[in-house]
Structure formats: structure tokens, C-alpha cells
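# Observations on the model geometry
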Amino acid sequence: MINPDVKGRLLDNLRICTIRDHNDVERIIRFNEVIWGEEENKEYGKIVGNMVRGLITQHPYTSFNDFLFIENGETGEVLSFLCSVPLKWKYGSINLKVSIIECVGTLKPFRRKGFIKALMKKYDEQLKEEGYDLSIVWGIPYFYRQFGYEYALPYREECILRFDQIPDGKCSDVNIRPMTIKDIPYASRLLNLSLEKYFVHTVREECIWLYQEKRRMSTEHPIESFIVESKGAISGYFRLVKDPHPLASKNICILEASDLTYDEALEVLRYAKSLGEARNKIPAIRIFLPTNSPLTEVAKFLGGQFSTPIKYLIKIPDVIRFLTKIKPVLEERIEQSVFRGLTTTLKINLFKLGVKLCFADGILKNIEPYDPLNDDGHVDTAKINPSAFYRLLVGDSSIEEISACYPDVVAYGKIRHLLSVLFPKTISYFPSGY
């Protein structure tokens, strides 16, 4: 068997490719149908194949360069595959260029031979070449840690509400109907209003709304979208995972919802319950929304139970570049704190990289790298392992929380307080899809 070498380089007749023509498109779709449709998952294989077709041929942001695969140069067989989808996020007032990894897989006879390592190496090169601020992935537990990823930012929070906990009744002022293409501007505005309370969040442009609604698909989830009307006017929307997706095979799953009033939320839950009963589902609704979402708040009030949240794994390709990009946010936090008008140099030792944040009169004048091997261990230096620093940068955890989790996070006195001002814990939300 011909494998990559220890540095992830392919040997002999194997090569990493991006899509070149229509034939490559069809081969990649068939490949994904096979690896995701193994054994009893034939239907799911078709769903993923359909999703990949859409990402390649119709998605507003992707290009052929976003689809990496390893092929046998002699036979043309696709052996391993990885795709990335460009996303747009907000970090406070700052626009972030984000890439999400999807559909990572290898044919059975070629697994555990380093093919994904080779693809990830090529992907890392693309991230830097194309100036991405952040890379994210959700997948096999632990697996992506070997490539420098760390768990941070919510992927899915879940509340389970039994049908018998939903009170009977009907609010005559509230009506629910299927969403149409003409409803997208209203739904988009409602989503944007709902996202205002989250510091890091998705930016879903109208072209993405159109893409998702026309294909009835958000990520690999086939979706059903509905409009909520109150007194004849559009006041909300929500999405369900559509059958026959495996996620929806047993439960009714609410994938997304705008902010709703109490009466509107009750009607959404009653509507989902009625669909579940009609489709002979397990008598419980799975709600994949943040804990502070109004729909979730109502579900909790009715007795809904939370499971442990699932998180994305994230990687910041260039920490200096990321810090430079969020400079206005850091200056604003200084301006609104006890450190207003601060003049100092904050040194952060990330072990493989050192970073100096040079403030003058509250303005972040310079962000400079330095050699951490020459660190003199001064009390004004914070020592933070890179994985923990990712969590700090995106507001997933506070300096106190990462200090409690990681022995190699050391920050004392005024430096610790300054870090808590620059990088406070925030709330984030990323509604379904790309």
C-alpha cells in the first residue's frame, strides 16, 4: 500500500487535487454517497451526496479550490476527500473570514494511512494563502486536536421537551405556515435582530438564505422552514429537520428559530408536537437553540431538560493577524474599563510564539511577535498555551476558567485583570447552515 510519509507528503502515484472539471464533480459526489452510505445508511449517503453537489455547483461562496481530494494517478480513483466552505461571521463589529471543514472521509481500504493528514496539511496552506481568520470543524471526538484544533464556541445546545409537557390550547392571534421565497427578507431581518445579543455570530446574507431555501437544505440537514404570523403580520420563523435525515428519524427537531413571544413560542411547540404525532415520532421535541433563546426559555419553563452542549473545534491560522484584525474591539474594551488611557506593553508567551501588545494612551499602537525562548519570566508576562488562548480570544472562556483547566496558563495580578478586560467571556450563536 502506498502511503504518505511522516510529514504528510504523498508518495508515488498518489496526488492531491482540486476539482478540474465536471467529471471530477461527479466522481466526488459518488465518493461521498459511498463513504457516508455504508451499511444501513444508504439514504444518508444520498443526502450527503446531494449536499456536496449543491456546495460545488450552486453555493454562492465556494470555488473548485475548496474541494480537496487524493486520487490514484493511474486509475483516477478518489481515495480520500475534504471540503471547506467559506463563512462570514461577526466578532463584535468586526467581519471575520471563516472556513468550516466538512465531509472528511477516506475509502475503507485506505483508512489509517495518513491520507487525512496530507489533506489537512494542504488545507492549512490554503488557509494562510487566502487570509482566513478562523477555521472550524465538528467531527470525531479528539481527532482534530492532532492538527492544532481546540474545543471552543457552541456548535449545538440541546433542550428536550416531552409532548406531555406542552399545554393544549390555541392562541387565535398566532398562525403558522410554510415559508416561501418571498418571506426571506422578513426572516432575514428577524434573524439579524435575534443575533444582536451574541458577540460572535453568523452573518447570513440573502444569497445564502436563497441557496438554503431553494435546496431545502442547511448543512447536511434537509430542512422545513415555517413562518409565524401574529395578528396577520410576520413576527417570527423556525426550521425543523426534515425526514428522512437520521437526526430526525425518531424525534421532531427544531433546528433554528427567531426570537418569539411566549404565545408564539407555545404555538411553535404545539405545531411541532402535532407534526410529531402525525409522523409517529418519539413523543419529545429536540430543540437545538441557545439557552437564552426565547423558545428555549419557554421550553425550560415547561420542564425541558438540557444535555451537555457540543462545541466546535477551532484553529486560528495566524494569531498576530487575528489580534490585528480585532484591534478596534480591544481598544473599545480598554476605553470602557478602568484601564482607559493605558500605556503599557502586555507580553503573552504562547510557548511557540510570543506576542507583545503595545498600548499608548489606550491605543493599541503595535502588535509584535517576539521569541518566547528569550522570555525573562517577568511578572508582566502571561504564559498561555495556544489551545487555551484560542478559547480566550473568541470569548468562549474567561482567563479564570482557562487558568482552572490548564496548569500551563499563568497570569497574575494586574496582567490577569488586564486579560479579563481585553478578553471577557461572551455569548455566541451560529444558526444552522452555510
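The notes below deal with the structure included here. (Residues numbered from 1 in each chain as written. Predicted model: local features only at pLDDT ≥ 70, side-chain atom pairs only at ≥ 80, totals over all residues. Heavy atoms only, no water.)

### Concerning the state of the cysteines
Applying the stated rule across the entire model yields zero disulfides. Cysteine C103 remains unbridged, with the sulfur of C83 as its closest cysteine sulfur at 4.4 Å. When its relative accessible area of 7% is taken as the criterion, C103 is described as buried. Considering cysteine sulfurs only, C83 is the nearest to C207, which forms no disulfide, with 18 Å between them. (Disulfide = S-S within 2.5 Å. Buried < 20%, exposed > 50% of the residue type's maximum accessible area, 1.4 Å probe, protein only.)

### Side note on the sheet that holds strand β20 (residues 381–383)
Read across the sheet, four strands follow the order β19-β18-β17-β20 without closing on themselves; strand pairing throughout is mixed. The open sheet has two edge strands with one neighbour each: β19 (363–370) and β20. Between one strand axis and the next, the sheet turns through 20 degrees on average, direction left out of account. Across six bridges, the pairing between strand β17 (residues 344–349) and strand β18 (residues 354–360) is antiparallel. Bridge pairing links T345 to C358 in β18. (Pairing = 2+ DSSP bridges. Helix = DSSP H or I, 4+ residues; strand = E, 2+ residues; numbered from the N terminus. Axes fitted to C-alpha atoms, helices over the stretch in contact; angles between N-to-C directions.)

### Points about the pairing of strand β2 (residues 67–72)
Side-chain direction in a regular strand flips from residue to residue, so the side chains alternate between the two faces of the sheet. Judged by how many residues are buried, β2 sits mostly within the fold: six of six residues are covered. Across the two faces of β2 the burial is the same, with F67, F69 and E71 and L68, I70 and N72 all buried. Bridge count between strand β1 (residues 14–18) and β2: five bridges; the pairing is antiparallel. Bridged to T18 within β2 is L68. Taken together, the five bridges between β2 and strand β3 (residues 78–91) define a ladder with antiparallel strand orientation. In the strand pairing of β3, F67 is matched with C83.

### Focus on the nonpolar core
The nonpolar side chains of a soluble globular protein tend to be buried with one another. Core analysis: the largest hydrophobic core is formed by 99 residues, its most contacted members being W89, Y149, L323, L357, I384, L419 and F423. Here this core takes nine residues from β3, the largest share from any one element. Residues in contact with W89, not counting those within four places in the same chain, are I94, N95, L96, V98, L134, I136, L153, V200, H201, T202, V203 and F430. (Core = buried A, V, L, I, M, F, W, Y, C linked by side-chain atoms within 4.5 Å. Contact = heavy atoms within 4.5 Å.)

### Points about the environment of V268
Checked against the element boundaries, V268 lands in helix α6 (residues 262–278). The class of V268 is buried, set by a relative accessible area of 0%. In this structure, the C-alpha to C-alpha distance between V268 and E400, residues 132 residues apart in sequence, is 39 Å. V268 has contacts with I176, V228, F238, I254, L260 and L295, leaving out every residue within four places of it along the chain.

### Observations concerning the layout of surface pockets
Unfilled space is identified by rolling a water-sized probe across the atoms. In this structure, the second largest pocket occupies an estimated 410 Å³ of space. Elements supplying a minimum of two residues to the lining of the second largest pocket: α3 (115–129) and α10 (386–393). Per-class residue counts for the lining of the second largest pocket are ten nonpolar, one polar and five charged. (1 Å grid on protein atoms, 1.4 Å probe; cavity = no way out; pocket = protein on both sides within 12 Å on 5 of 7 lines; lining within 4 Å. Points joined across faces, edges and corners; volume = space filled by probe spheres on them. Nonpolar A, V, L, I, M, F, W, Y, C, P; charged D, E, K, R; others polar.)

### Here we look at the packing of helix α1 (residues 22–36) against helix α2 (residues 42–57)
Where α1 meets α2, the closest approach of the two axes is 7 Å, and the angle between their N-to-C directions is 150 degrees. Judged on the interaxial angle alone, α2 and α1 are roughly antiparallel. Where α1 crosses over α2, the handedness of that crossing is right-handed. Of α2, the residues touching α1 (which contributes V25, E26, I28, I29, N32, E33 and W36) are Y44, G45, K46, V48, G49, V52, R53, I56 and T57. (Parallel < 35°, antiparallel > 145°, perpendicular 65-115°, else oblique. Left-handed = near helix turned anticlockwise from the far one by under 90°.)

### Describing α1
An ideal rise of 1.5 Å per residue puts 21 Å on 15 residues; α1 measures up with 21 Å between its terminal C-alpha atoms. Buried within α1 are the following residues: D24, V25, E26, R27, I28, I29, F31, N32 and I35. Contacts from the buried residues of α1 go to β1, α2, β2, β3 and β4 (94–106). (Expected span 1.5 Å × (residues − 1).)

### Describing the pattern of salt bridges
Opposite charge on two side chains makes pairing possible when the charged atoms of those side chains draw close. A complete count under the given rule lists 33 salt bridges for this structure. Note that K121 is salt-bridged to E125, the shortest N-O span being 3.4 Å. Here K121 pairs with E125, and both are found in helix α3, just four residues apart, close to one helical turn. The partner of D396 in a salt bridge is R391, and the shortest N-O contact between them spans 3.7 Å. (Salt bridge = Lys/Arg side-chain N within 4 Å of Asp/Glu carboxyl O.)

### Quick look at the packing of aromatic side chains
Applying the stated criterion across every chain, the model contains 20 aromatic pairs. When the ring of W89 is compared with that of Y312, the centres are 6.5 Å apart and the planes differ by 50 degrees; the resulting orientation is tilted. With W89 in strand β3 and Y312 in strand β16 (residues 310–315), this residue pair connects regions lying 223 residues apart in the sequence. For Y312, a relative accessible area of 9% gives the class buried. Where W89 meets F430, the ring centres are 4.0 Å apart and the plane angle is 20 degrees; that geometry is what we call stacked. Remark: F430 occurs in the segment after β21 (428–429) and W89 occurs in strand β3; sequence separation between them is 341 residues. (Phe/Tyr/Trp six-rings, centres within 6.5 Å; stacked < 30°, edge-to-face > 60°.)

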